[in-house]
Amino acid sequence: MSKIFKNGLLVFAAIILSSLIFATNGYSKKKPYVLGADFSITGRASFLGDPEAKTVTLLVDQINKKGGINGHPLKVIMYDDESNTTKARLNFERLIKKDHVIALFGPSLSGISLAVIDLAKRYRIPLISCAASYKIVVNPRTGKARKWVFKTPQSDSMAVEKIYEFMKKKGIHKIAIITITTGFGASGRSQLLKYAPKYDIKIVADEKYGPKDTDMSVQLTKIKGSGAQALVNWSIGPSQVIVTRQWKQLGLSKQMLLFQSHGFGSKRNIKLAEGAAEGVYLPLGKVNIGRILPASDPQKKPIMAYIRSYEKRYHQPISSFGGHAYDALTLLVDALKAVGPNRAKIRNYLEHKKGYIGMHGIFNFSPTDHNGLTKDAFEMVVVKNGDWAIAH
Amino acid sequence: MDSISFASQLFQYLITGITVGSVYGLVALGFNIIYNSTEIINLAQGDFVMLGGMSSVFFVSVLHLPLAISIILAIIFAFIVGALFERVAIWPLKNANQVTLILITLAGSLILEGIVMLIMGKDPYTLPYFTGSKTIFLFGAAISPQYIWVIAISAITVASMSYFFNKTITGKAMKACSDNPFAASLMGIPVKKMILLSFAISALIGAVAGAAITPSLLMEYDRGPMLTIKGFAAAIIGGLGSFGGAIIGGLILGITEALFAGLISSGYKDAASLAILLLILFIKPQGIFGKE
């Protein structure tokens, strides 16, 4: 009995002590602004969620070191959905109902984003998604923007248009496409098919491969006989390296240029392709090419600051995806600074935000456009001497 | 060369089919060796391939050893991992039923994947080509020298396995265990030891395949399950337990996929290979070379 009593006393003392500490803390500072985030930090999409979570941690520390938002410390409650839709939904419900956050950002994947956006509408809370699909911000049935939902990544259609615009400049009008049979590849393929007529481009071969396929020489051999002037590959993962290598090996490089999607934007891919990537064209968000941007570019300064602090803290290069989380969080911070912790006001502020300089472009939101970017958020880049160079 | 003739295209498809098919065949061979001695379907078979590729990468890029030595070390390493796997996961369960054991191999596959992911990360890796990357042009088809290596290594592996199982005492003893473990034990054959050996040898074959394909097809931590599925399909087509059948099954699968992708539709090539599998199960459920 006495032991239980002693333990009880100890717990009681601990509670008193901790509440005292909390209380003193609370008096010395203003109440923190609490935002909620959910990313796929582990699981199959961890290559997205991991840099996103790291970026958020980095930014929160930086903001609080500079005195927070109008004196209020910033707190981000961040959950991991393990790349699992059900888990993500539970996380968002928890952020809204239990944690009572002011606004939401994330998740990392388009599929998961589509599964949670109705919560934003139901609870009237602003949500900035870090996933690409245009359906996240536009209701495909009505064609109208979703009231409470925004997104920071560029849509695939912008990458497609940027590529086609470049092709037109180069006098290319017969192309072959090869796409991976995942959501990313299928969406890219439909945009490639949709925009081709607008740029006077004819698709003479349309090939596919599976996400775990390791050899595309069959598809590429077929393309070789198609008379295309350029080849567009739309995929993420090792398959894009294999396509690049086999484009060279099969002698296609002598016949046609190779364009990759923005998914190719990691220097590891150039290294893995072992020289075959020379001369490959791709559209990239400016955050990936901070070092080669001209000094006159308004995005150069913030991008370089982000790159330096990220590399200093994590000892690894930044990725395109961390940039999406950067843009989402800083937009919310900007809104909080301007209008304070009011959900409706934040939504309204974001909807009319113009000329916001982010990592992935200059955002110009409007009531009909909750993405705020155009194809000019991409820059055409070519692989030259094992590095990115701006393509002309 | 500005275009490519139909005959050359066909030849290109065949070369690709044979290369991919021989990898499937090697995975199927590993399946059969374990199946013969234990009647277990080892769902970690594809991960042995991944392990062979990734540990070669580890020896080359982290320890900076020469390629040949790295591959030999990787193969020895896989042999040891295979033996350990049997000792730790299979051997302690004396009277477990087949399903339990198969589920244990699935767990083994996940654990192997997890460990490799923790050590090497999630990025794909490559190895240097065995003999340069200069493409060979034959009848208008472009062939990577690495593909010739893959085909040759598969042929050598199959030849040495059939020598081992038909000509050496140990090999014959392993075969005896698969025919009738009880009779084999009465003849003084240490059945448990043979099971241990069968896991080690399957892992070794997997590692050989893994080291051979990594230079041209890259390797990453989660490549295993896909190889397991394709290799299993090849083993079923050829007939579970038949060594020749494993290779034939692999080649049928690889060539069907390549021809279907090339001539009909690349989007549905996996459906084509599954249709072949269903067709064989329908006509001859025990596989082409399977015992009645």
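Thresholds applied
- Residues numbered from 1 in each chain as written.
- Chains lettered and ligands numbered in written order.
- Predicted model: local features only at pLDDT ≥ 70, side-chain atom pairs only at ≥ 80, totals over all residues.
- Heavy atoms only, no water.
- Helix = DSSP H or I, 4+ residues; strand = E, 2+ residues; numbered from the N terminus.
- Buried < 20%, exposed > 50% of the residue type's maximum accessible area, 1.4 Å probe, protein only.
- Areas by Shrake-Rupley, 256 points an atom, 1.4 Å probe, with all protein chains shown as cover.
- Lys, Arg positive; Asp, Glu negative; His and termini not counted.
- Charge placed at Lys NZ, Arg CZ, Asp CG, Glu CD.
- Contact = heavy atoms within 4.5 Å.
- Buried area = accessible area lost by both parts, 1.4 Å probe.
- Salt bridge = Lys/Arg side-chain N within 4 Å of Asp/Glu carboxyl O.
- Polar contact = N/O pair within 3.5 Å; in protein donor to acceptor, adjacent residues only side chain to side chain.
- Nonpolar A, V, L, I, M, F, W, Y, C, P; charged D, E, K, R; others polar.
- Phe/Tyr/Trp six-rings, centres within 6.5 Å; stacked < 30°, edge-to-face > 60°.
- Pairing = 2+ DSSP bridges.
- Right-handed = clockwise from strand over helix to strand, strands pointing away.
- Patch = residues over 30% accessible without salt bridge, like charges linked within 9 Å, V, L, I, M, F, W, Y side chains within 5 Å.
- pLDDT = per-residue confidence, 0-100.
- Core = buried A, V, L, I, M, F, W, Y, C linked by side-chain atoms within 4.5 Å.
- Domains from an automatic or database assignment.
- Bend = angle between axes of the 7 residues up to and from the residue.
- Axes fitted to C-alpha atoms, helices over the stretch in contact; angles between N-to-C directions.
- Parallel < 35°, antiparallel > 145°, perpendicular 65-115°, else oblique.

## Comments concerning the overall build of chain A
Working step 1: Within chain A, the regular secondary structure consists of 12 helices and 14 strands.
Working step 2: Taken along the three principal axes of its C-alpha coordinates, chain A extends 85 × 50 × 45 Å.
Working step 3: Counting all 392 residues of chain A, 54% fall into the buried class.
Working step 4: Of the roughly 17,100 Å² that chain A leaves accessible, carbon and sulfur atoms contribute 57%.
Working step 5: A distance of 5 Å separates the average location of the 58 positive side-chain charges in chain A from that of its 29 negative side-chain charges.

## Regarding the interface of chain A and chain B
Working step 1: The interface is formed by 25 residues belonging to chain A together with 37 residues belonging to chain B.
Working step 2: Surface buried jointly by chain A and chain B totals about 2,800 Å² across both partners, of which 53% is contributed by carbon and sulfur atoms.
Working step 3: When the buried surface of chain A facing chain B is broken down by residue, Lys212, Val218 and Gln249 of chain A rank first, second and third, together holding 22% of it.
Working step 4: Here Asp213 of chain A and Lys269 of chain B are joined by a salt bridge, their closest N and O atoms 2.6 Å apart.
Working step 5: Our enumeration of links across chain A and chain B arrives at 15 residue pairs in polar contact (both at pLDDT 80 or more).
Working step 6: Class assignment of the residues belonging to the side of chain A that touches chain B gives a composition of six nonpolar, nine polar and 10 charged.

## Comments concerning the packing of aromatic side chains
Working step 1: Evaluation of the coordinates by the stated rule reveals 20 aromatic pairs over all chains.
Working step 2: Centroid distance Phe39 of chain A to Phe105 of chain A: 5.9 Å. Interplanar angle 70°. Geometry classified as edge-to-face. Taken as a pair, Phe39 of chain A in strand β1 (residues 33-39) and Phe105 of chain A in strand β3 (residues 104-105) lie far apart in primary sequence, 66 residues in all.
Working step 3: Here Phe39 of chain A falls in the buried class, since its relative accessible area comes to 0%.
Working step 4: Take Phe105 of chain A: its relative accessible area is 0%, and that puts it in the buried class.
Working step 5: Judged by centre distance (5.9 Å) and plane angle (70°), the rings of Phe58 of chain B and Phe59 of chain B are edge-to-face.

## A word on the sheet that holds β3 of chain A
Backbone-to-backbone hydrogen bonds pair the strands of a sheet. The strands run either parallel or antiparallel.
Residue and element names in this part refer to chain A.
Working step 1: One open sheet holds the five strands; their spatial order is β2-β1-β3-β4-β5, and the pairing between them is parallel. The open sheet has two edge strands with one neighbour each: β2 (74-80) and β5 (149-151).
Working step 2: Sheet analysis places β3 next to strand β4 (residues 127-129), joined by two bridges and oriented parallel. Within β4, the residue paired with Phe105 across the bridge is Ile128.

## A word on the pairing of β2 of chain A
All names here are of chain A.
Working step 1: In this structure, β1 lies alongside β2, joined through seven bridges in parallel fashion. When the sheet's bridge partners are listed, Gly36 is paired in β2 with Ile77.
Working step 2: What joins β1 to β2 is helix α2 (residues 46-65), and the crossover it makes is right-handed.

## Remarks on a nonpolar patch on the surface
Residue and element names in this part refer to chain B.
Working step 1: Side chains of Ile69, Ile72, Leu73, Ile76, Phe79, Ile80, Leu84 and Val88 sit close together on the surface and give an oily, nonpolar patch of about 700 Å² of accessible area.
Working step 2: Mapping Phe79 onto the fold places it in helix α3 (residues 67-90).
Working step 3: For Phe79, a relative accessible area of 30% gives the class partly exposed.

## A word on the confidence of the model for chain A
Working step 1: Per-residue confidence for chain A gives a mean pLDDT of 90; residues scoring 70 or more make up 93%.
Working step 2: Contacts from residues 23-27 of chain A, a stretch scored under 50 in pLDDT, to residues over four places away or in other chains number zero contacts.

## Quick word on the nonpolar core
One recurring pattern in soluble globular proteins: nonpolar side chains tend to sit buried together.
Working step 1: Core analysis: the largest hydrophobic core is formed by 102 residues, its most contacted members being Leu35, Phe105, Tyr164, Met167, Leu231, Phe259 and Leu329 of chain A.
Working step 2: Looking at this core element by element, the count peaks at nine residues for helix α11 (residues 320-339) of chain A.
Working step 3: If you count residues domain by domain, this core takes at least three from each of domain 1 (33-155 + 301-375) and domain 2 (157-286 + 378-390) of chain A.
Working step 4: If we ignore the near neighbours within four places in the chain, the residues touching Met167 of chain A are Ile172, Ile175, Ile201, Ala230, Val232 and Phe259 of chain A.
Working step 5: Judged by nonpolar contacts, the second largest core, of 76 residues, contains Ile40, Phe85, Val150 and Cys177 of chain B.

## Structural notes on the environment of Phe289 of chain B
All names here are of chain B.
Working step 1: Summarising the element assignment, Phe289 is placed in the segment after α11 (269-283).
Working step 2: The class for Phe289 is partly exposed, based on a relative accessible area of 46%.
Working step 3: The spatial distance from the C-alpha of Phe289 to the C-alpha of His64 is 44 Å, given a sequence separation of 225 residues.
Working step 4: Setting aside residues no more than four positions away along its own chain, Phe289 makes contact with Gly238, Ser242, Gly245 and Ile248.

## Looking at the pairing of strand β8 (residues 230-234) of chain A
Residue and element names in this part refer to chain A.
Working step 1: β8 sits mainly inside the fold: five of its five residues count as buried.
Working step 2: In this structure, strand β6 (residues 174-180) lies alongside β8, joined through five bridges in parallel fashion. Residue pairing across strands places Ile178 opposite Asn233, the latter belonging to β8.
Working step 3: Handedness of the β-α-β unit built from β8, helix α8 (residues 239-249) and strand β9 (residues 257-260) comes out right-handed.

## So, helix α4 (residues 110-122) of chain A
All names here are of chain A.
Working step 1: Of all the bends found along α4, the most pronounced is centred on Val116 and spans about 35°.
Working step 2: Packing partners of the buried residues in α4 comprise α3 (85-97), β4 and β5.
Working step 3: Looking at the residues trailing α4, positive phi occurs at Arg124, about 50°.

## Brief notes about the domain arrangement of chain A
Residues and elements named next belong to chain A.
Working step 1: Domain boundaries in chain A define domain 1 (33-155 + 301-375) and domain 2 (157-286 + 378-390).
Working step 2: Taken together, domain 1 and domain 2 are joined by one salt bridge.
Working step 3: If you look at where domain 1 meets domain 2, you find four residue pairs in polar contact (both at pLDDT 80 or more).
Working step 4: In terms of residue class, the side of domain 1 that touches domain 2 is built from five nonpolar, five polar and one charged.

## Comments concerning the packing of helix α1 (residues 6-38) of chain B against helix α9 (residues 224-238) of chain B
Residue and element names in this part refer to chain B.
Working step 1: Where α1 meets α9, the axes come as close as 7 Å, and the angle between the chain directions of the two elements is 75°. Overall, the two elements α1 and α9 adopt an arrangement that is roughly perpendicular. When α1 is examined against α9, the residues Val23, Tyr24, Val27, Ala28, Phe31 and Asn32 are found in contact with a partner set consisting of Leu227, Thr228, Lys230, Gly231, Phe232, Ala234 and Ala235.

## Here we look at the pattern of salt bridges
All names here are of chain A.
Working step 1: Throughout the structure, instances matching the rule amount to 27 salt bridges over all chains.
Working step 2: Salt-bridge contacts for Lys87 lead to Glu82; the nearest nitrogen and oxygen are separated by 3.4 Å.
Working step 3: The exposure class assigned to Lys87 is partly exposed, which follows from its relative accessible area of 33%.
Working step 4: Between Glu311 and Arg291 there is a salt bridge; the shortest N-O distance is 3.2 Å. Residue Glu311 is located in helix α10 (residues 300-314), and its partner Arg291 is located in the loop between β10 (281-285) and α10; the two are separated by 20 residues in the primary sequence.
Working step 5: Because the salt bridges share partners, they merge into one network encompassing Arg89, Glu93, Lys97, Asp118 and Arg122.

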